[in-house]
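Listed here are the chains, written in short residue letters.
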Amino acid sequence: MRVVDLPTFTIRELKLHGLNIPVSLLKGWSTDQLEQLRDAADKASCPCLVLIEDTPLVMGSTDPQIKSKTSDRVKTLALAANKLGCNSLALKIDAPDSKESFDRVVIEIKSLMPSIEKRELNALIAPGKGLTESTERLTELIKKVGGFRIGSLPSFGDAARVGEGDPVEALRKLAPYAGSIQATVEGFNKKGAHKSYDLAACVSAIRNVGFLNTLAIDYTGDDDELKGIAQAREILQAAIDAQES
């Protein structure tokens, strides 16, 4: 399947209504190709929502060349996200967890925000190893940067790792700052239950703290993806409906 056909496939076959796009899927793409995907998404009424940089960016370095490289990369990604019609650009940070590194990363993100904001985008920080692995540190980082266009991109999977298998508490803490949340789905057993954590409990956790933004399915199972996504959609939608009733 061509990437440009994904919006139509997503809304017709998967019965989902938007796309979060990993940068690695668009490697080598031109501006014209990005605009073609946006046009296809608009035509299918299945918009591109978040462009996700799946390669962690080195931040907090004292090396001017590394800082310049990161800055140029973010500017390029912001332009790409804008061309796709996304509302957010998600970044992963490669930085050690120390006070000095934390302070430098805060300054660096603040310096990058104008290039993101001028494209009318939100910056979402996804959890990762090191500085942003801890729920508390990621939340602290977002608060320190400040502003209306900085937030987080939590996932059920990352929250489960932090919570040693139980994602609920971490999701409760991160959801108030989340511009979008990835519902990591690891597959289902023969009885139709999710192989890991309780998906409905995750939905309950984020809705109970007021999360009303995008919930995207990130299917990581090694079985039938289409069947698994359909099962996940039904479980997640039922949990959302139960919260609204």
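Refer to the structure above for everything that follows.
My aim in this report is to walk through the structure given alongside it, one point at a time. What you see is a predicted model; the values in this text were computed from it and never measured.

**Re the packing of aromatic side chains**
Logical step 1: Counted by the stated rule, this structure contains one aromatic pair.
Logical step 2: A ring pair is formed by Phe156 and Tyr197, whose centres lie 6.3 Å apart and whose planes are at 85 degrees; its orientation type is edge-to-face. Of this pair, Phe156 sits in helix H6 (residues 156-162) while Tyr197 is found in the loop between strand S7 (180-185) and helix H8 (199-208), placing the two residues 41 residues apart along the sequence. Of the two residues, Phe156 and Tyr197, both sit in the buried class.

**Overview of the pattern of salt bridges**
Logical step 1: Under the criterion given, the structure shown has 11 salt bridges.
Logical step 2: One salt bridge connects Asp39 with Arg38, and the closest N-O pair in it is separated by 3.5 Å.
Logical step 3: When its relative accessible area of 44% is taken as the criterion, Asp39 is described as partly exposed.

**Thoughts on the environment of Ser111**
Logical step 1: Of note, Ser111 is situated in helix H4 (residues 99-117).
Logical step 2: Among the residues examined, Ser111 registers a relative accessible area of 52% and is labelled exposed.
Logical step 3: Put simply, Ser111 and Asp94 are 17 residues apart on the chain and 17 Å apart in space, counted from C-alpha to C-alpha.
Logical step 4: In this structure the side chain of Ser111 is engaged in a polar contact, spanning 2.6 Å, whose partner is the backbone oxygen of Glu108.

**A look at the packing of H8 against helix H9 (residues 225-244)**
Axis angle and axis distance: for two packed helices, these are the angle between their axes and the distance between the axes, and together they describe the pair.
Logical step 1: The N-to-C vectors of H8 and H9 enclose an angle of 40 degrees; their axes lie 9 Å apart at closest approach. Looking at the two axes, H8 sits oblique to H9. With respect to the hand of their crossing, H8 and H9 are arranged in right-handed fashion. Where H8 approaches H9, its residues Leu199, Ala200, Val203, Ser204, Arg207 and Asn208 are matched on the opposing element by Ile235, Leu236, Ala239, Ile240, Gln243 and Glu244.
Logical step 2: In the contact of H8 with H9, the residues fall into seven nonpolar, three polar and two charged.

**Regarding helix H2 (residues 31-44)**
Logical step 1: Here H2 contains 14 residues, and its C-alpha end-to-end distance of 20 Å stays within 8% of the 20 Å for a straight helix at 1.5 Å per residue.
Logical step 2: The set of residues buried in H2 consists of Leu34, Leu37, Ala40, Ala41 and Ala44. Looking straight down H2, one finds its buried side chains confined to an arc of 120 degrees; they lie on one side. Residues of H2 that are exposed and angled more than 90 degrees away from the buried face: Asp32 and Lys43.
Logical step 3: Where the residues of H2 are buried, they touch helix H1 (6-12), strand S2 (48-52) and helix H3 (64-84).
Logical step 4: Backbone geometry just downstream of H2 places Ser45 in the positive-phi region, at approximately 60 degrees.

**Focus on unusual backbone geometry**
Logical step 1: Phi is positive for Lys15, close to 60 degrees, though the residue is something other than glycine.
Logical step 2: One can find Lys15 in the loop between H1 and strand S1 (19-22).
Logical step 3: Phi at Glu120 is positive, roughly 60 degrees, even though this residue is not glycine.
Logical step 4: In this fold, Glu120 is placed in the loop between H4 and strand S5 (122-126).

**Remarks on the packing of H2 against H3**
Logical step 1: Relative to each other, H2 and H3 sit at 35 degrees, their axes nearing to 7 Å. Packed against H2, whose contacting residues are Thr31, Leu34, Glu35, Leu37 and Arg38, the element H3 presents Ala80, Lys83 and Leu84 at the interface.
Logical step 2: Grouping the constituent residues of the contact of H2 with H3 by class yields four nonpolar, one polar and three charged.

**Overview of the environment of Lys118**
Logical step 1: By secondary structure assignment, the location of Lys118 is in the loop between H4 and S5.
Logical step 2: Spatially, the C-alpha atoms of Lys118 and Ala78 are 9.0 Å apart, while their sequence positions differ by 40 residues.

**Re the nonpolar core**
Logical step 1: Counting residues in each nonpolar core, the largest one holds 42 residues, and the members touching the most others are Leu51 and Ile109.
Logical step 2: Looking at this core, the elements that each hand over two or more residues are S1, H2, S2, H3, strand S4 (88-94), H4, S5 and helix H5 (135-145).
Logical step 3: If we ignore the near neighbours within four places in the chain, the residues touching Leu51 are Ile21, Val23, Leu26, Leu77, Ala80, Ala81, Leu84, Cys86, Ser88, Leu89 and Ala90.
Logical step 4: Residues Ala170, Phe188, Leu236 and Ala239 belong to the second largest nonpolar core, which totals 24 residues.

**A few points about the side chain of Ser101**
Logical step 1: Considering the arrangement of structural elements, one finds Ser101 in helix H4.
Logical step 2: Looking at Ser101, its side chain comes within polar contact range of the main-chain oxygen of Pro96, at 3.0 Å.
Logical step 3: Those residues within four positions of Ser101 in sequence are excluded, and the remaining contacts are Ala95 and Pro96.

Here is what the cut-offs are and how they apply
- Residues numbered from 1 in each chain as written.
- Predicted model: local features only at pLDDT ≥ 70, side-chain atom pairs only at ≥ 80, totals over all residues.
- Heavy atoms only, no water.
- Phe/Tyr/Trp six-rings, centres within 6.5 Å; stacked < 30°, edge-to-face > 60°.
- Helix = DSSP H or I, 4+ residues; strand = E, 2+ residues; numbered from the N terminus.
- Buried < 20%, exposed > 50% of the residue type's maximum accessible area, 1.4 Å probe, protein only.
- Salt bridge = Lys/Arg side-chain N within 4 Å of Asp/Glu carboxyl O.
- Polar contact = N/O pair within 3.5 Å; in protein donor to acceptor, adjacent residues only side chain to side chain.
- Axes fitted to C-alpha atoms, helices over the stretch in contact; angles between N-to-C directions.
- Parallel < 35°, antiparallel > 145°, perpendicular 65-115°, else oblique.
- Left-handed = near helix turned anticlockwise from the far one by under 90°.
- Contact = heavy atoms within 4.5 Å.
- Nonpolar A, V, L, I, M, F, W, Y, C, P; charged D, E, K, R; others polar.
- Expected span 1.5 Å × (residues − 1).
- Arc of directions from axis to C-beta.
- Core = buried A, V, L, I, M, F, W, Y, C linked by side-chain atoms within 4.5 Å.

None of this, on its own, says anything about what the molecule does.
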